[in-house]
Amino acid sequence: MLLMRWQLAYPGQPIPFIGKFFGETNMPGGVMLPQFYNQLGAMHGTIMVFLGVVPLGFSAFGNYLVPLQIGARDMAFPRLNMYSYWLFFFAGFLMFLSFFLPGGPTGNGWTAYPPLADIAHDGQTIWLVGMFFIIISSLLSSLNFIVTIFQLRAPGMTFERLPFFVWTELITAFLLLLAFPPLEGAAFMQLMDRLLGCSFFLSSGLFVNGQVAQISGGGSALLWQHLFWFLGHPEVYVIILPALGIVTEIVANNTRKDISGFSAMRYSVIFLGFISFIVWSHHTYLTGMGTNITAFFQTTTMIVSIPSIIVITSLFITLWGGSIRFTTPMLFALAFLPMFGFGGLTGLPLGLAATDIPLHDTYYVIGHFHYVVAPGVILAIFAGIYYWFPKVTGRFMNDRLGQLHFWPTLIAMNLIFFPMLLQGLAGVNRRLYDGGVTYLFMHNVLYWNVIISWAAWFLAIAQFAFIFNFFYSMFNGPKVNSDNPWEATTLEWATPTPPPHGNFTKPVHVYRGPYSYSLKGAAKDYSPQDQKEI
């Protein structure tokens, strides 16, 4: 992405120092070619969504924390877990290998729309095989999480007593289990289009390089769009839900309060999981659907925002009157709340056909989506790492370095994504490899490309504080003074630090809800779930 930002800020100029290392076929004289720009863009989206944010939020945090938070010794199917990981590893290896194969990686966008994706001579075939294994990996993980949460809860751990993070993992698992199979079928059909001469997504009379394509035809590119976005929109909540769960744990702990409206939050994410399956076609307003079906998807799109609003509102209300501890994880969690809220707010115009039609395929869409995923979800992931690091390693991360990481990250993210909203409103199209310099009407907002790019490079530099802090603190950070250094209430803090094989050294019984802070008559301001006396 940093390479792409140079091309957008300084189109046609050689990239200093490193441009020559990408070869004459990609960057002759250090100048990025359009095809290479498209390939970097496609792989950026693929890596961040399918190989980055989802595996971190759902799989990494979930595999570690779900058994601990429900009082289980391990996941229900450890070997299935292992197969899921190695399939994911193999898929990621294939994706990255495509950079070094003839033709390079896919350049057809992370959405892989036909007919281009069907006929392009690049790494699209490798991409499809990689996606096939990613989907199988996700399905195995989903089954494992569902069975673990339903079957391995400790005595007394009723569904009402489950921490909110476990609830979000459970709903996410159902989303993946139900939404990914259609995309797997679509990937297999596109693979047959490319390798066996089929025409699932290729229409009759298609011209390729000025010649009529020798195919049977009869297919539909819109079929791919529907199959892709049937996963694609639940995938947004696959990304968001674990982040909401992480932030809820941290907010409760650092306000020393029970979560306000916790029951409403649980029912909201259940409803969110259901309705996220009937909003996908707001991604296809430009395909000419009728007014009746457009009205249906506009309505469901407006409704799907309500559960997220309930969750965010509950977290904001929880802050009211709380004895807030401004720890490093809490800073990231607090920043998540308005950033995610703003990301959702900017999405409302895209849910209405009248405003989506002029905004579609502009930088407004990029700004909206990235406000949800970057200042939103990634801040939550950082919060979770800082919060559970002492449990994993037995040491704290450095607080000064944590703040040095937080403030530049928050500022840089807003300098990157807010100008994109302004560019989109001015009509700047996305996926223009020169940033739009060939379109005169865009010139009054193109200076933002330079600001955005410098902010992106500054954001990258800011992450070195986190990387150094992470590895240095592993061996040299301040040691925890107890197994529960944050004085939290959920079960993961009832294990030794770090947890041994089997997690718990004695049988666990649960006596109360997950966020029993500041109870009347209690000796302390926190009452762990596994302690009978308050």
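This text gives an overview of the structure that appears in the document. Here the structure is a predicted model, which is why all the values come from computation and not from measurement.

### Overview of the overall build of the protein chain
A tally of helices and strands in the protein chain yields 14 helices and two strands. Rg of the C-alpha trace for the protein chain: 24 Å, near the compact-globule value of 24 Å for 534 residues, within the 12% margin. When the backbone C-alpha atoms are referred to their principal axes, the protein chain occupies close to 80 × 45 × 45 Å. By residue count, 55% of the 534 residues in the protein chain fall in the buried class. In the protein chain, the proportion of contacts linking residues at least 24 apart, taken out of those at least 6 apart, comes to 76%. Total accessible area computed for the protein chain in this model is approximately 22,400 Å², and 69% of it derives from carbon and sulfur atoms.

### Observations regarding the side chain of Asn144
For Asn144, the location among the structural elements is in helix H5 (residues 124-151). Owing to a relative accessible area of 0%, Asn144 belongs among the buried residues under this scheme.

### Comments concerning the environment of Phe145
Along the chain, the position of Phe145 falls in helix H5. Along the sequence, Phe145 and Ala354 sit 209 residues apart, while their C-alpha atoms lie 40 Å from each other. In this view, Phe145 contacts Phe58, Ser59, Gly62, Asn63, Val66, Met75, Glu169 and Ala173; residues no more than four positions away in its chain are not counted.

### Focus on the packing of helix H3 (residues 78-97) against H5
Close contact between H3 and H5 brings their axes to 8 Å; oriented N to C, the two are set at 160 degrees. Judged by the angle between their axes, H3 and H5 are roughly antiparallel. The way H3 lies across H5 gives a crossing that is left-handed. The residues of H5 that touch H3, namely those facing Leu80, Asn81, Tyr83, Ser84, Leu87, Phe88, Phe90, Ala91, Leu94 and Met95, are Ile126, Trp127, Val129, Gly130, Met131, Phe133, Ile134, Ile136, Ser137, Leu140, Ser141 and Asn144. Tallied by class, residues from the contact of H3 with H5 come to 16 nonpolar, six polar and no charged.

### Describing the packing of helix H9 (residues 291-319) against helix H10 (residues 328-347)
The N-to-C vectors of H9 and H10 enclose an angle of 135 degrees; their axes lie 11 Å apart at closest approach. As the angle between them shows, H9 and H10 are arranged oblique. As H9 packs across H10, the resulting crossing turns out to be left-handed. Residues Ser308, Ile312, Leu315, Phe316 and Leu319 of H9 form the contact with H10, whose own contacting residues are Met330, Leu334, Phe336, Leu337, Pro338 and Phe340. A breakdown of the residues in the contact of H9 with H10 according to their chemical character gives 10 nonpolar, one polar and no charged.

### A short note on the pattern of salt bridges
Tallied over the full model, the rule gives four salt bridges. In this structure, Arg256 engages Glu487 in a salt bridge whose closest nitrogen and oxygen atoms are separated by 3.9 Å. Here Glu487 lies in the segment after helix H14 (448-476) and Arg256 lies in the loop between helix H7 (221-255) and helix H8 (262-275), a separation of 231 residues in the sequence. Across the salt bridge formed by Asp525 and Arg256, the nearest N and O atoms sit 3.0 Å from each other. With Asp525 in the segment after H14 and Arg256 in the loop between H7 and H8, the pair connects residues that are 269 residues apart, well separated along the chain. Judged by its relative accessible area of 5%, Arg256 is buried. In the salt-bridge network here, residues are joined through shared partners; they are Arg256, Glu487 and Asp525.

### Overview of a nonpolar patch on the surface
A cluster of nonpolar residues, Met82, Tyr83, Tyr85, Trp86, Phe89, Phe90, Phe93, Leu97 and Leu101, forms a patch on the protein surface that exposes about 890 Å² of accessible area. Residue placement: Leu101 occurs in the loop between H3 and helix H4 (116-119).

### With respect to the environment of Gly521
Here Gly521 is to be found in the segment after H14. Under the relative-accessibility criterion, Gly521 is labelled exposed at 74%. Sequence spacing of Gly521 and Pro242 is 279 residues, and the spatial spacing of their C-alpha atoms is 33 Å.

### Overview of the nonpolar core
It is characteristic of soluble globular proteins that their nonpolar side chains tend to be buried jointly. Ranked by size, the top nonpolar core spans 160 residues in total, and within it Phe164, Leu183, Leu244 and Phe336 carry the most contacts. At 20 residues, helix H12 (residues 363-393) tops the list of elements feeding residues into this core. Filtering out sequence-adjacent residues up to four positions away, Phe164 remains in contact with Leu244, Gly245, Thr248, Glu249, Phe262, Met265, Arg266, Val269, Val311 and Tyr515.

### Remarks on unusual backbone geometry
Following Pro114, the chain continues into Pro115 via a peptide bond in cis, with omega recorded as 5 degrees. Structurally, the position occupied by Pro115 is in the loop between H3 and H4. For the peptide bond that leads from Thr497 to Pro498, omega is -15 degrees, which places it in the cis range. Relative to the elements of secondary structure, Pro498 occurs in the segment after H14. The phi torsion at Ala112 lies on the positive side, around 55 degrees, for a residue other than glycine. With respect to the helices and strands, Ala112 occurs in the loop between H3 and H4.

Criteria and thresholds
- Residues numbered from 1 in each chain as written.
- Predicted model: local features only at pLDDT ≥ 70, side-chain atom pairs only at ≥ 80, totals over all residues.
- Heavy atoms only, no water.
- Helix = DSSP H or I, 4+ residues; strand = E, 2+ residues; numbered from the N terminus.
- Rg over C-alpha atoms; globule rule 2.2 N^0.38 Å.
- Buried < 20%, exposed > 50% of the residue type's maximum accessible area, 1.4 Å probe, protein only.
- Contact = heavy atoms within 4.5 Å.
- Areas by Shrake-Rupley, 256 points an atom, 1.4 Å probe, with all protein chains shown as cover.
- Axes fitted to C-alpha atoms, helices over the stretch in contact; angles between N-to-C directions.
- Parallel < 35°, antiparallel > 145°, perpendicular 65-115°, else oblique.
- Left-handed = near helix turned anticlockwise from the far one by under 90°.
- Nonpolar A, V, L, I, M, F, W, Y, C, P; charged D, E, K, R; others polar.
- Salt bridge = Lys/Arg side-chain N within 4 Å of Asp/Glu carboxyl O.
- Patch = residues over 30% accessible without salt bridge, like charges linked within 9 Å, V, L, I, M, F, W, Y side chains within 5 Å.
- Core = buried A, V, L, I, M, F, W, Y, C linked by side-chain atoms within 4.5 Å.

All we've got here are geometric facts, nothing functional implied.
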